[in-house]
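Listed below, chain by chain, are the residues.
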Amino acid sequence: MKLSLPNTYAYIATRATIALCTALLLVTGLAFMLDERLLRDVNVWAKPVKFALSFGIHLATLLWLTSLLAQTGKAMTATRLALTSACVATIIEVFYVALQSARGRASHFNFETRFESFMYYQVMGGAALVLVIATLIIGVMVLRHARPNLSPGLRLGAGWGAIFSAIATLVVAGALASGMLSGAGPWIGSVRNDAGGVPLIGWSRSVGDLRVPHFFATHVIQALPILGWLADLALSRSGRKFHPGWIVGLGLVLSLVLVTSLFVQAIRGQPFIAFIAFTAT
């Protein structure tokens with residue numbers, strides 16, 4: 001789908017930030033293959049690779065969501081501010097994680113120096129909050145200021161997907177970052193490292209892991225618009241007079257049940273996919 005966006009600083013900055021994430025993904029991916037250092041029992045470059053990929057996808061999703069908006073003054077002003085804030089937050093997150101990996105030091109749950117403690121709680125925590133708020137704003141704008149010709153299922157899926165993703169991510173990531181449930185790390189249980197985790201993703205296969213509900217909460221922003229689009233497509237072909245909002249609503253309820261169930265499972269110290277027979281390396 002070709003994006004129809006104005007060439008203002010916010011949209012240019014967003015495209016540039018996505019390009020930076022892509023470049024950082026390539027650089028850190030190469031470092032992952034060449035550098036054998038370990039941090040918390042996994043390759044020191046595993047986290048920046050995942051961060052560059054995840055944040056790049058999230059920004060690209062936000063940019064696509066803005067293409068669904070009518071080009072009105074109120075919508076564009078809020079959207080430009082949200083996109084610009086999201087770009088700044090993304091740059092802070094991905095580059096600090098990469099910097100710490102280059103130094104062989106943890107970016108998260110690292111309180112060994114005043115600088116690292118400040119960066120984790122104040123700077124990275126603030127950047128994450130800004131990104132959540134930006135996502136929430138764009139979701140609301142899609143619901144209120146979508147293009148007149150936008151199909152209802154896609155509008156509802158895109159808007160509510162962003163809103164739910166922002167709120168659910170705030171709750172789950174807030175619990176994870178605070179350490180109140182898991183201590184200094186995402187794990188809940190006796191094993192407190194990433195050794196033997198699920199390949200690529202890194203989730204623990206032996207104890208509870210709060211990164212699991214975090215992942216699903218965050219990616220509802222992609223899943224629900226797809227569901228809304230499929231609902232529009234199916235209903236248009238069937239010819240039935242059934243509003244696709246019901247299907248999007250069902251998807252929203254199922255998303256809530258899934259994220260809540262995974263959150264409870266992690267809190268109970270139970271791994272998500274321990275039953276899958278992966279061979280630990």
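Criteria and cut-off values
Residues numbered from 1 in each chain as written. Predicted model: local features only at pLDDT ≥ 70, side-chain atom pairs only at ≥ 80, totals over all residues. Heavy atoms only, no water. Patch = residues over 30% accessible without salt bridge, like charges linked within 9 Å, V, L, I, M, F, W, Y side chains within 5 Å. Areas by Shrake-Rupley, 256 points an atom, 1.4 Å probe, with all protein chains shown as cover. Salt bridge = Lys/Arg side-chain N within 4 Å of Asp/Glu carboxyl O. Helix = DSSP H or I, 4+ residues; strand = E, 2+ residues; numbered from the N terminus. Axes fitted to C-alpha atoms, helices over the stretch in contact; angles between N-to-C directions. Parallel < 35°, antiparallel > 145°, perpendicular 65-115°, else oblique. Left-handed = near helix turned anticlockwise from the far one by under 90°. Nonpolar A, V, L, I, M, F, W, Y, C, P; charged D, E, K, R; others polar. Polar contact = N/O pair within 3.5 Å; in protein donor to acceptor, adjacent residues only side chain to side chain. Contact = heavy atoms within 4.5 Å. Buried < 20%, exposed > 50% of the residue type's maximum accessible area, 1.4 Å probe, protein only.

Asker: Teacher, can you tell me more about a nonpolar patch on the surface here?
Answerer: The grouping of Leu30, Phe32, Met33 and Leu34 at the surface amounts to a nonpolar patch, some 460 Å² of accessible area in total. Here leucine 34 shows up in helix H1 (residues 9-34).

Asker: Whenever I open this one, the packing of helix H4 (residues 114-145) against helix H5 (residues 152-178) confuses me. Can you help?
Answerer: Packed helices, taken two at a time, are described by their axes: the angle between them and the distance between them. Viewed as axis vectors pointing N to C, H4 and H5 meet at an angle of 160°, and their least axial separation amounts to 7 Å. The orientation of H4 with respect to H5, classified from their angle, is roughly antiparallel. By crossing handedness, the relation of H4 to H5 is classed as left-handed. Looking at the contact of H4 with H5, its residues break down into 17 nonpolar, five polar and one charged.

Asker: Sorry if this is basic, but what is going on with the side chain of aspartate 232 here?
Answerer: Tracing the chain through its elements places aspartate 232 in helix H7 (residues 220-238). Among the polar contacts made by the side chain of aspartate 232, one reaches the main-chain amide nitrogen of glycine 153 at a distance of 2.9 Å. With near-sequence residues (within four places) excluded, aspartate 232 lies in contact with Ser151, Pro152, Gly153, Leu154 and Pro244.

Asker: Explain unusual backbone geometry to me, please; I cannot follow it from the model alone.
Answerer: The phi angle of most residues is negative, glycine excepted, and most peptide bonds adopt the trans form. For arginine 40, which is not a glycine, the phi torsion comes out positive at approximately 55°. Relative to the elements of secondary structure, arginine 40 occurs in the loop between strand S1 (38-39) and strand S2 (42-43). Classification of arginine 40 by relative accessible area gives partly exposed; the value is 33%. Unusually for a residue other than glycine, phenylalanine 109 sits at a positive phi of about 55°. Looking at where phenylalanine 109 falls in the secondary structure, it is placed in the loop between helix H3 (73-102) and H4.

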